[in-house]
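Chain and residue survey
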Amino acid sequence: MSELIRTFIAVEIENRDVLRKLIEIRDQLVATGADIKPVEDENIHLTIRFIGEIPAGLVKTLCNEINGVKYQVFQMHVKGVGVFPNISRPRVLWAGVAEGADKLVELAKIVETIVRRLGVPPEREEFVPHITIARVKGSRNMDKLVKLVINLADMDFGYSNVTGIHVKKSVLTPRGPVYSNLCSVMLQ
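A brief look at the structure comes next. Keep in mind that this is a model prediction, so the values were computed, not measured. (Residues numbered from 1 in each chain as written. Predicted model: local features only at pLDDT ≥ 70, side-chain atom pairs only at ≥ 80, totals over all residues. Heavy atoms only, no water.)

Quick look at the sheet that holds strand S1 (residues 4-12)
- On the basis of which strands lie adjacent, the open sheet formed by four strands has the order S3-S1-S8-S9 and antiparallel pairing. Lying at the two open borders of the sheet, with one neighbouring strand each, are strand S3 (45-55) and strand S9 (176-186). With strand direction ignored, the average angle separating the axes of adjacent strands in the sheet is 25 degrees.
- Pairing of strand S8 (residues 164-173) with S9 involves 10 bridges; the strand directions are antiparallel. Each residue of the ladder has a partner; that of Gly164, found in S9, is Met186.
- Relative to the sheet, helix H3 (residues 101-117) contacts S1, S3 and S8, its axis offset from that of S3 by approximately 10 degrees. (Pairing = 2+ DSSP bridges. Helix = DSSP H or I, 4+ residues; strand = E, 2+ residues; numbered from the N terminus. Axes fitted to C-alpha atoms, helices over the stretch in contact; angles between N-to-C directions. Contact = heavy atoms within 4.5 Å.)

Looking at unusual backbone geometry
- Cis geometry is found at the peptide bond from Phe84 to Pro85, where omega equals -5 degrees.
- Residue placement: Pro85 occurs in the loop between strand S4 (74-84) and strand S5 (92-97).
- Backbone geometry at Asn141 places phi at a positive 55 degrees, although glycine is not the residue there.
- Within the secondary structure layout, Asn141 lies in the loop between strand S6 (130-136) and helix H4 (142-151).

Here's the deal with the nonpolar core
- Membership of the largest hydrophobic core comes to 58 residues, with the highest contact counts inside it found for Ile9, Leu22, Leu29, Leu62, Met76, Leu93 and Ile131.
- For this core, the element with the highest residue contribution is H3, accounting for seven residues.
- Leave out the neighbours within four places in its chain, and Met76 touches Val11, Glu12, Ile13, Leu46, Val97, Glu99, Gly100, Leu104, Gly158, Tyr159, Ser160 and Val162. (Core = buried A, V, L, I, M, F, W, Y, C linked by side-chain atoms within 4.5 Å. Buried < 20%, exposed > 50% of the residue type's maximum accessible area, 1.4 Å probe, protein only.)

A word on the side chain of His130
- You can see His130 is positioned in strand S6.
- Within the structure, His130 has its side chain in polar contact with the backbone oxygen of Val128 (distance 2.7 Å).
- Separated by 3.4 Å, the side chains of His130 and Thr132 make a polar contact.
- Look past the residues within four positions of His130 in its chain and what remains in contact with it is Leu46, Thr47, Phe84, Trp94 and Ala95. (Polar contact = N/O pair within 3.5 Å; in protein donor to acceptor, adjacent residues only side chain to side chain.)

Notes on the pattern of salt bridges
- Applying the stated criterion across every chain, the model contains nine salt bridges.
- Here Glu40 and Lys37 are joined by a salt bridge, their closest N and O atoms 3.3 Å apart.
- Two residues, Glu65 and Arg117, come together in a salt bridge whose shortest N-O distance is 2.5 Å. Note that Glu65 is positioned in helix H2 (residues 56-67) and Arg117 in helix H3, a separation of 52 residues in sequence. (Salt bridge = Lys/Arg side-chain N within 4 Å of Asp/Glu carboxyl O.)

Observations regarding the side chain of Thr7
- Along the chain, the position of Thr7 falls in strand S1.
- Owing to a relative accessible area of 0%, Thr7 belongs among the buried residues under this scheme.
- Those residues in contact with Thr7, other than ones at most four positions away along the chain, are Phe50, Ile51, Gly52, Ile54, Val59, Leu62, Val167, Lys168 and Leu182.

Given below as structure tokens:
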């Protein structure tokens, strides 16, 4: 039986100032006392495509395919704080992408073509570029949380370069997931 590897494809937040601001805002959301699970500092990223558990052999094929992706380096403007699915029932707290979102969508389409060709089932949801910063676990202090999210709707985190795509492994542990790079392709 081949080992299954929990896999996803992501871009990193390469600008340290943008990452620092994301962490500050995440901490402000936590400080509301709402029942949320923050994403750990080292795990903050933008997921292009969650794949799930796939055999180790398929990971190798995926890396070979991703290696063939040709795309130009670009900037993303990280701006705004919001929630999925909606403000009356928040489950995921995220930072948005203004400028560069179209390029992330294009990149996601290229990646989607690759993963579909490898037999990975299609995503249920349409790709919306966002950076998850916390997940809502319960309804405690929801009013405070919602008020802060609304106040942060136009928060400007700054610009970050997108210079690579990373195929990542996710190992679930009691303390939270641990991510590591399986392979990366640098953009031109």
